[in-house]
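# Structure assessment
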Amino acid sequence: MKKFYAFAAAGLLCASGAMAQSDFQRCSAMEVLHHQMQQDPQMESRMTAIEAHTQKFLQNRPANQRTNAVVTIPVVVHVIYNTASQNISLGQIQSQIDVLNEDFRKLNADNSNTPALYAGLAADAQIQFVLAKQDPNGNPTNGVTRTSTKTKSFSANDAIKYTSKGGHDAWNTSQYLNFWIAPKLASMGQQLLGYAQFPGGPAATDGVVMAYAAFGSRAKFPGGVYYQGYDLGRTTTHEVGHYLNLRHIWGDATCGNDLVSDTPTQQTSNYGCPTFPKKTCSNNGDMSMNFMDYTDDPCMYMFTTGQANRMAAVLAPGGFHYSLTTSPGAQAPGTAIASGTSTTTQQSGQAQISDRELHMAPATVFPNPVKTDMNVSYSVAAENTNVEVEIYNLMGALVGTYKEGSKPAGKHIFSINSEDNRSFGALANGMYFCRINGAEEGKLVRFVIER
C-alpha cells in the first residue's frame, strides 16, 4: 500500500508516446506549476483541499466498489487554426470522442492485451464524453468552435485560451470540458503534443490543450491529419486523466507515488512498447500499459480500479468537477436533466435501457452508403422522448434537421425519403454525420451519400 502525501501540481505537458527529444517535448510540469503558483498563491491550498476530499471519498468507498451510474461530461472543442489543414474536420474530432469513450469505459478492444497479472485491475471508469449539444446561452451547437488565427504557434502560457491573444475564450469551465486545438505547440524550442490543467487551477484556463495532429484517431478516421506515431488518440486520454486528477504512474519521482494503491511502483516513465514484465521498482513489473505512462499509443490500454475511483472522487458531490455531471450542455436545448441520474439513462416509471445496452446497440444508418432513402436505427431510454435527427457535413455545419416526434422507450427506425424530402435529396455526395437528439445523446454516426 502506498502512503498518501499531498502533491500540489497545476498542469502537465505530456505526450503518450516515445518521442525523439529533438522532435517533441514530453513534459514541462514544473515550469507550468511554478508559473501558476506565482500567479495564484491560493492554488496550493485549493489543491490540498481537493486531495483531502479525494482521500475521504476513497476511505468511504472500498477500492473495488463500483456503481451502475455512468457520468456524462459535455465537451466543447475550440479549433484554433492558422492554415486550412489545421482546421480539423468534425470526423477527426468525433474519432477522438469515440476513443475517450472506449478508453474510459473499458470498451477498447486492445484492453484484452492486459497481462494476466494486471487483468483483474483493469477498470471501467464509468465516464463518457459527448460533444456539447447546447452552448452556455442555451443555443443548439455541435460542440465545436472554429477560430482562424494569425498566430502560427502557441506555447504553454495559455494564450490559446483567450480570444484577445489569438485563441478562444473558454466556455464555462464548470459546465464543459474545454479542449483547445492548436495549430502548433512549442516550448523551449521543441514541439509539444498537449497539456492539461489539474483540478484546482484557474477557472479561466481549466481544460486540455492539444496539437491539432495529436487529436483524433487515424484508425477510426483515416481522413484526418495526424503526427505519425501519435495517431490513436491516446495522448488525449492521458491528458484527460490529468484533468480528472490522475498523476503519472511513476509519481514524477524515482519510484515515486502516484497516490493510487493498485498501481505498482516504477522507477520512471516508459517509452515505446516494453516487453512485460519490465521490472524496475516492483517485482511484478511496471504497468507500462497504463494510460498514465508514456508508452506508444498502441501499447497503453488500461486504467486501474484505483485510478477510476480517484477520478470518481473529483466528479462526486463536493468534488472539484462535480458540476460537469449536472451540466445542461450534454442535453439538447429544452431537455430536462433528471437529478441524480446519468444523462443517458433517465428515471421513469417504465423499464429503462441501460447505458451498456445503449452502447451494445448503438445508433446506425443503413444502407451505408446511402443511395436514395436513408434509415436511422436508434434506441430511446425513456418514455415520451421527443426525437429529431440532425445531419452535419464534414466540417460540422448543420445541413438538415428532421423531426421524429415523441417516442416510447425502445428501439426505433426513422426513414428519410430523398424524393419526399427535398433538403435531404439535395445533399451532395460525400461523408456526413447523423445525430439523434433525444436518443443516445451526443453520438455522431458517420455515413456516406453516393447517389
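Calculation criteria
For every chain, the first residue of its written sequence is number 1, and the numbers climb from 1 along that sequence. Where totals are concerned, whole chains, interfaces and linings use all residues; where local detail is concerned, this predicted model gives features only for residues with pLDDT of at least 70, and gives and counts side-chain atom pairs only at 80 or more. In computing side-chain values, all of the structure's heavy atoms are included and hydrogens and water are not. Whenever Lys or Arg places a side-chain nitrogen within 4 Å of a carboxyl oxygen from Asp or Glu, that contact is recorded as a salt bridge. Think of it in three bands: residues with accessible area under 20% of the maximum for their type are buried, residues over 50% are exposed, and the middle band is partly exposed, with areas taken using a 1.4 Å probe on protein chains only. Think of a nonpolar core as a cluster: buried Ala, Val, Leu, Ile, Met, Phe, Trp, Tyr and Cys residues, connected wherever their side-chain atoms sit within 4.5 Å. Labels follow the DSSP assignment, with helices taken as runs of H or I lasting at least four residues and strands as runs of E lasting at least two, numbered in each case from the N terminus. Should any heavy atoms of two residues lie within 4.5 Å, those residues are considered in contact.

The name given to the chain in an unreviewed UniProt entry is M43 family zinc metalloprotease, and the organism recorded there is Adhaeribacter terreus.

### Focus: the pattern of salt bridges
Counted according to the given criterion, the structure contains 13 salt bridges. Between aspartate 158 and lysine 161 there is a salt bridge, with the nearest N and O atoms lying 3.0 Å from each other. Residue lysine 161 is classed as buried on the basis of its relative accessible area of 1%. Residues joined by salt bridges that share partners form a network here, namely Glu51, Arg247 and Arg310.

### Points about the nonpolar core
Formed by 68 residues in total, the largest nonpolar core has its most connected members in Phe104, Phe129, Phe179 and Leu244. Secondary-structure elements contributing two or more residues to this core are strand S3 (71-81), helix H3 (90-104), strand S4 (127-131), strand S6 (177-182), strand S9 (194-197), strand S10 (208-211), helix H5 (234-243) and helix H6 (305-315). Counting residues per element, this core draws most heavily on S3, which supplies six residues. Not counting residues up to four positions away in its chain, the partners in contact with phenylalanine 104 are Asp124, Ala125, Gln126, Ile127, Phe129, Thr237, Val240, Gly241, Leu244, Phe303 and Met311. Judged by nonpolar contacts, the second largest core, of 22 residues, contains Ala363, Met374, Leu427 and Ala439.

### A few points about unusual backbone geometry
Across the junction of phenylalanine 276 and proline 277, the peptide omega takes the value 0 degrees, indicating a cis bond. By the secondary structure assignment, proline 277 is in the loop between H5 and H6. Notably, glutamine 126 is not glycine yet its phi reads approximately 55 degrees, a positive angle. Residue position: glutamine 126 is located in the loop between helix H4 (116-119) and S4.

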